[in-house]
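Per-entry structural report
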Amino acid sequence: MSIPAGLKYTKEHEWVRIEGDIATFGVSDHAQEALGDIVFVELPEIGRKVDAAEAYAVVESVKAVSDIYAPVAGEIIEVNETLEGEPEKVNTEPYGAGWIAKVKISGHSDELMSDDEYTTFLEE
Amino acid sequence: MRFLPHTDSDRTTMLESMGMDAMSDLFTDIPSEFHIKEGSLNLPDALSEAAIVRKFTQASEQNRHAGNTRCFLGGGTYHHFVPAVVDYIISRGEFLTAYTPYQPEISQGTLQTLFEFQTMIARLTGMDVSNASMYEAATATAEAALMARRITRKSKVVMAGSVNPRYRSVTQNYLSRLEGEYIEVPMGNKQDGFGTDLSKVIAAIDEATACVMVQYPDFYGSVYDLAELRVACDAAKCLMVIVFSDATAFALIRSPGECGADIAVGSGQSLGIPMGFGGPHLGLFTCKQKYVRQMPGRVCGMTSDADGKRGFVLTLSTREQHIRREKATSNICSNQGLMCTAAATYMTLMGDEGLKAVAQRSAAGLHKLISSLPASVSAAQGAHFHETVLSFSSQATRDLFLQEARKRDIFAGIPLEQLNDAVEHKHLLVTTTEMIEAADIQDYIAALEVAV
Amino acid sequence: MSVDDTLNTYSAVGGIQHEEPLLFEHAHEAAEAISLPGVQGDISAELKAFSRKKSANIPGLSEPETVRHFVRMSQWNHGIETGFYPLGSCTMKYNPRVNEQVVRLSGLANIHPDQPVDSVQGVLALLHELQTWLCEIAGFSDVTLQPAAGAHGELVGLMMIRSCLDARGQQHRKKVLVPDSAHGTNPASAALCGMHCVELKSGADGRIDLEELKKHLDDDVAALMMTNPNTAGAFESDIKEICQLVHDAGGLVYGDGANLNALVGVARPGDMGIDCLHINVHKTFSTPHGGGGPGAGPVVVNDTLAPYLPVPRIVKAGDLYRIETHDEQSCGTILGSIGQVGVLLRAHAYIAAFGANYLHKIAQDAVLNANYVLHRLKDAYHVPFEGLCKHECLLTDEYQNKHGVKTLDVAKQLIDLGFHPMTIYFPLIVHGAMLIEPTETESKTTLDSFCDAMLEIAAQCEAGDTQVLHDAPVKPIRRRLDETQAARKPRLVW
């Protein structure tokens, strides 16, 4: 189970990489494994404003559908269009080519966990 | 009882193996106050097979039907020719008595047939994709409105008044418990109003509009150019939904895809399915590829098996209720599978040329009928496929004609007010298919000449 | 074929099956078109202006090729006529052939729905009689035959409940209680009626927990939707109290009649306090499933909901039958026709064949068969809820899991042994569900063969001989199919 340092995590198993006022969102290795083979990612529209913990994307596997929640509030400025043709990138590279969206941050969340905290959270 | 294999001794053996004495031991979990006495229901006693055949035969003989009359009725249900092979194929137990193909390894017959059906429907309608069918056209129309609302995230639905009144009332009813506006655009009821006035429809579109729904050919059989509407839909970023009632039309005239539809839905009853007093028929649902994940209903997709051989499965099931629950694309969890098999068989037998001949002869029949009308009866203006509205000088004249026609075993048309109570009681919706011969039209005109 | 296969007593798949290409791969020019009747004249000049530009490219095979193609397709299917089909919750019973014969009579099959009413009295009489029979069998006062399927009936039931509550000035009631064992269509139907579902956790016995129910009964409750017997195959013995509690709270009770086969002729849902119930005639009254439809889902209602039935309705006035199309109180129009008439007529013929004197035998033999299967399998497979079952029994893969074998493997091995699998992974309230519904039209010999096969699979697990289970099926024309590939890059047309 990979949990890279330097990223923040949520209890819903999303990760966020914060660089200045830009945040990149994705789902954790644990999440992709629990979801199984991902077949479709419904990406948000560019320009949409999302609150922290608001569902901004939907990930589908063959037998399940999951809402994906925003770790922090912001405006969607970029989405990973690669996923339209290759949703399996979420399975193979959840922290890399499987990223989902980038936002311009408009607020921070106290709920985020460090990699160590997330590791502990998963063990519980 | 001939459908129950157990003998009484089988039943006793089975009960004894479970330590039970009587059938009633199996029902002790139902409170005794709800038990009813065996045989106490107020129903007739069992009929033998011969008695059932006699009863149904007698009932059927009380009906007039397209087999012993000349049927000029349409309005969404059509008397087309059904080749014997179609009924043979759908009578085969392996198609007839199978369930939904949830175990694909032993359902490849149903699944490949569905894939062929989807392909042929997409080609006939000129659309990118088709689902594996809906109940029938009216509910398919309602589902198309719901789909357009999901795609556009807007809620207003604009419905042309020239769409089949039954499709309209079901759609209106489906939308009535949800937020959002539903507008029907009246087309007027002057004689020339039996058609689609696109300028009125376009005037009803605004920024909040999710989709515009038009029937093509419309309820009155009128065929018209949709280019203007496509432009208006693009400008308002709303979807253009084309509804149709006889899919064979598109072997002859411009298809919904060629007209630029985003979603096209309608009836496939004409594709090898008898009229059956209203059902079971076949609802068709097609759309552009980019909307496929918002399409309701079952779909069959191509894949491969563990040995790499081509095979088929039901797919995109995450759209369905058992996974998405209240967010599902529809509450429908079945299709008209056997009717898809009928339509696939029919289209295969017909091919392009046969389908075109069906449509051509249906239209030629109407053209011949209209050209032979006496002067006091008029038909609606403009291009018509295989149905139109005939207008009489008065209700009395029309009704006299209907009587004269009945004397000749002709069902001459549907009094329009039965379906659309806004119109004067002097119009008839008349339809011809390839089942109407030149001699039938002569008789029709002869009855007219007596009446008017 | 291995030696074992020749010795076993049950039927196996794998008769002669031919590979068959898609229609579109039959590589030759279109055959001569079928000869047609009709007017061979010109179409109007106006219509010509709208001619289709590009050919639709529908293949067009000759009649012999068409027949062979679709007969081969049929041979890749398993149907009730082929073999045992114990699909829980689906009631796959024998479909009498006489029903197929009578609905094809021209005077029933070739009627236009808008013919004058005096020309359709025969079919209206049959449908009207079916209406009275369904009310009598289920214990209700009125019915609509219109709904095209069970899920459609469910939607119509909720629409009527909505209309009734609105008429009572109770517009605010929008909460629909649904047990967690319910069919998945419930929440989707509620959403279409502007209502929302709240899930009730089942009790330890898989039934509705009265205390849990009471917690949710407040002024917002519109309805409880329940299936009885429930989807675990158990009868909700507290049914009377459940209905009373919901009614006292101002709500109505919707019954999902998917499982009516357990009660027909033995007990009536209407007597128990349920306000309306859809009847899947393709289950209880044996209309063929056709590979996914058509079905029909008439909804029976008590006096409370009768005013809100959809239109059109078939009514009898003196000696004549009429079709009523307008009613102010009605919940509206829900289908473009009077119903799936051909399906309804088959149901009529089925009920007629049993009549008052045999109808109860349907439920009796169905419940006997399910309990017999449960009894024979209960040591080899985990039974999550003890006690009598009704027309279907629920097992899980708990014992087999220890050997790395899952419900899916059991199901696929059954295919190689010649049986259609049971319903798997439903209901969701147990892990690895196997829901077995034998129906009343199976003989003891068939049930024993099936149980022997299930026991053999359990024994293979115990013996550690599990690879064959993971590899199954190997006998049908195709092996396990890749659903991930199909969903990732949907290919829906050729």
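Residues numbered from 1 in each chain as written. Chains lettered and ligands numbered in written order. Predicted model: local features only at pLDDT ≥ 70, side-chain atom pairs only at ≥ 80, totals over all residues.

What follows covers the overall build of chain B. For chain B, the helix and strand inventory stands at 13 helices and 15 strands. Along the longest, intermediate and shortest principal axes, the C-alpha atoms of chain B span 85 × 55 × 50 Å. The proportion of buried residues among the 452 residues of chain B is 63%. Within chain B, residue pairs in contact and separated by at least 24 positions form 73% of the contacts whose partners lie at least 6 positions apart. (Helix = DSSP H or I, 4+ residues; strand = E, 2+ residues; numbered from the N terminus. Buried ≥ 20, exposed ≤ 12 C-beta atoms within 10 Å, placed from the backbone. Contact = placed C-beta atoms within 7 Å.)

Looking now at the overall build of chain A. On a plain count of helices and strands, chain A comes out with four helices and nine strands. Counting from the amino terminus, chain A carries its helices and strands in the arrangement β-β-β-α-β-β-β-β-β-α-α-β-α. Each principal axis of the C-alpha atoms in chain A carries an extent, and together these give about 35 × 35 × 20 Å. Considering chain A as a whole, with its 124 residues, one finds that 40% of them fall into the buried category. Considering only intrachain contacts with a sequence separation of at least 6, the fraction spanning at least 24 residues in chain A is 63%.

Right, let's get into the domain arrangement of chain B. All names here are of chain B. Looking at the assigned domains, one finds that chain B contains domain 1 (70-81 + 352-451) and domain 2 (84-347). When each unit is reduced to the centre of its C-alpha atoms, the spacing between domain 1 and domain 2 is 27 Å. Opposite the 29 residues of domain 1 that make contact, domain 2 presents 27 residues. Of all the secondary structure elements, the ones that give two or more residues to the side of domain 1 that touches domain 2 are α11 (337-371) and β12 (387-391). At seven residues, the largest contribution of residues to the side of domain 1 that touches domain 2 is made by α11. (Domains from an automatic or database assignment.)

This paragraph deals with the packing of helix α6 (residues 137-152) of chain B against helix α7 (residues 165-175) of chain B. The description of two helices packed together rests on the angle between their axes and the distance between the axes. Residues and elements named next belong to chain B. Where α6 meets α7, the closest approach of the two axes is 8 Å, and the angle between their N-to-C directions is 45°. As the angle between them shows, α6 and α7 are arranged oblique. In the crossing of α6 with α7, the sense of the turn from one axis to the other is right-handed. Of the residues in α7, those touching α6 at A137, A138, T139, T141, A142, A145 and L146 are R166, Y167, V170, T171, Y174 and L175. When grouped by side-chain class, the residues that make up the contact of α6 with α7 number nine nonpolar, three polar and one charged. (Axes fitted to C-alpha atoms, helices over the stretch in contact; angles between N-to-C directions. Parallel < 35°, antiparallel > 145°, perpendicular 65-115°, else oblique. Left-handed = near helix turned anticlockwise from the far one by under 90°. Nonpolar A, V, L, I, M, F, W, Y, C, P; charged D, E, K, R; others polar.)

This paragraph deals with the interface of chain C and chain B. Interfaces are often sized by the accessible area lost when the parts come together. Across the contact, 167 residues belong to chain C and 172 residues belong to chain B. Looking at which element gives the most residues to the side of chain C that touches chain B, the answer is helix α11 (residues 341-377) of chain C, with 21 residues. For the side of chain C that touches chain B, the per-class residue count stands at 87 nonpolar, 56 polar and 24 charged.

Strand order in the open sheet made by the three strands is β10-β12-β11 (chain C), with antiparallel pairing throughout. Two strands close off the open sheet at either side, each with one partner strand: β10 (393-396) and β11 (423-424) of chain C. (Pairing = 2+ DSSP bridges.)

To continue, consider unusual backbone geometry. For the peptide bond that leads from G293(C) to P294(C), omega is 0°, which places it in the cis range. The linkage connecting A472(C) with the following residue, P473(C), adopts the cis geometry, with an omega of -5°. When you line up the elements, P473(C) lands in the loop between α15 (467-471) and α16 (483-488). Of note, A53(A) is a non-glycine position whose phi angle comes to about 75°, a positive value. In this structure, A53(A) sits in the loop between β5 (49-50) and β6 (55-61). The class of A53(A) is partly exposed, set by 17 C-beta atoms lying within 10 Å. Located in the positive-phi region is F277(B), a residue other than glycine, with phi close to 60°. Looking at the secondary structure, you find F277(B) in the loop between β7 (263-267) and β8 (283-287).

With that settled, consider the environment of G221(B). Looking at where G221(B) falls in the secondary structure, it is placed in the loop between β5 (209-215) and α9 (227-236). Judged by C-beta crowding, with 30 C-beta atoms within 10 Å, G221(B) ranks as buried.

So, on to the nonpolar core. One finds V212(B), M213(B), V241(B), A343(B), M160(C) and V300(C) to be the most contacted residues of the largest nonpolar core, which totals 346 residues. Here the element with the most residues in this core is α11(C); it accounts for 23 residues. Residues within four places of V241(B) in sequence aside, it is in contact with A144(B), A148(B), C211(B), V212(B), M213(B), A261(B), D262(B) and I263(B). (Core = buried A, V, L, I, M, F, W, Y, C linked by C-beta atoms within 7 Å.)

Moving on to the sheet that holds strand β1 (residues 142-144) of chain C. All names here are of chain C. Pairing within the open sheet is mixed, and its seven strands lie in the order β1-β7-β6-β5-β4-β2-β3. Two strands in the sheet have a free side with no partner beyond their single neighbour: β1 and β3 (196-200). Here the average twist between neighbouring strands, direction ignored, is 25°. In terms of strand pairing, strand β2 (residues 175-179) meets strand β4 (residues 221-227) through three bridges, oriented parallel. Across the sheet, L177 pairs through a bridge with L224, a residue of β4. The strands touched by helix α6 (residues 121-138) within the sheet are β1, β6 (276-278) and β7 (299-301), with β1 carrying the most contacts at an inclination of about 120°.

Turning our attention to the pairing of β8(B). Residues and elements named next belong to chain B. A large share of β8 lies buried, amounting to five of its five residues. Residues of β8 alternate between two faces, with G283, F285 and C287 on one and L284 and T286 on the opposite face, all of them buried. Bridge count between strand β2 (residues 129-130) and β8: two bridges; the pairing is antiparallel. Within β8, the residue paired with V129 across the bridge is C287. For β7 and β8, the ladder comprises five bridges, and the chain directions are antiparallel. The partner of I263 across the bridge, within β8, is C287.

Below, the discussion takes up the confidence of the model for chain B. Mean pLDDT over chain B: 94, with 96% of residues reaching 70 or higher. Both scores are given for the predicted complex: the pTM is 0.95, the ipTM 0.97. (pLDDT = per-residue confidence, 0-100.)

Residue placement: V493(C) occurs in the segment after α16. Not counting residues within four places of it along the chain, the set of residues in contact with V493(C) comprises Q118(B), T119(B), A122(B) and V129(B).

This next bit is on helix α10 (residues 239-248) of chain C. Since the α-helix advances by 3.6 residues per turn, residues separated by three or four positions end up pointing in the same direction. All names here are of chain C. The complete set of buried residues in α10 reads I239, I242, C243 and V246. Buried residues in α10, looked at end-on, bunch into an arc of 95°, giving them a common side. Close packing links the buried residues of α10 with α9 (210-216), β4 and β5 (252-256). Following α10 by one or two positions, G250 adopts a phi angle in the positive range, close to 90°. (Arc of directions from axis to C-beta.)

Moving on to the confidence of the model for chain A. Summing up the model confidence of chain A, the mean pLDDT is 92 and the portion of residues at 70 or higher is 100%. When pLDDT is averaged over each helix and strand of chain A, the minimum, 89, is found for strand β7 (residues 65-69) of chain A and the maximum, 96, for strand β8 (residues 73-79) of chain A.

Moving on, we get to the pairing of strand β15 (residues 427-431) of chain B. Residue and element names in this part refer to chain B. Buried residues dominate β15, accounting for five of its five residues. Burial of β15 is two-sided: the residues H427, L429 and T431 facing one way and the residues L428 and V430 facing the other way are all buried. Taken together, the five bridges between β12 and β15 define a ladder with antiparallel strand orientation. The partner of S391 across the bridge, within β15, is H427. In the sheet, strand β14 (residues 414-415) pairs with β15 via two bridges, with the strands oriented antiparallel. Across the sheet, I414 pairs through a bridge with L429, a residue of β15.

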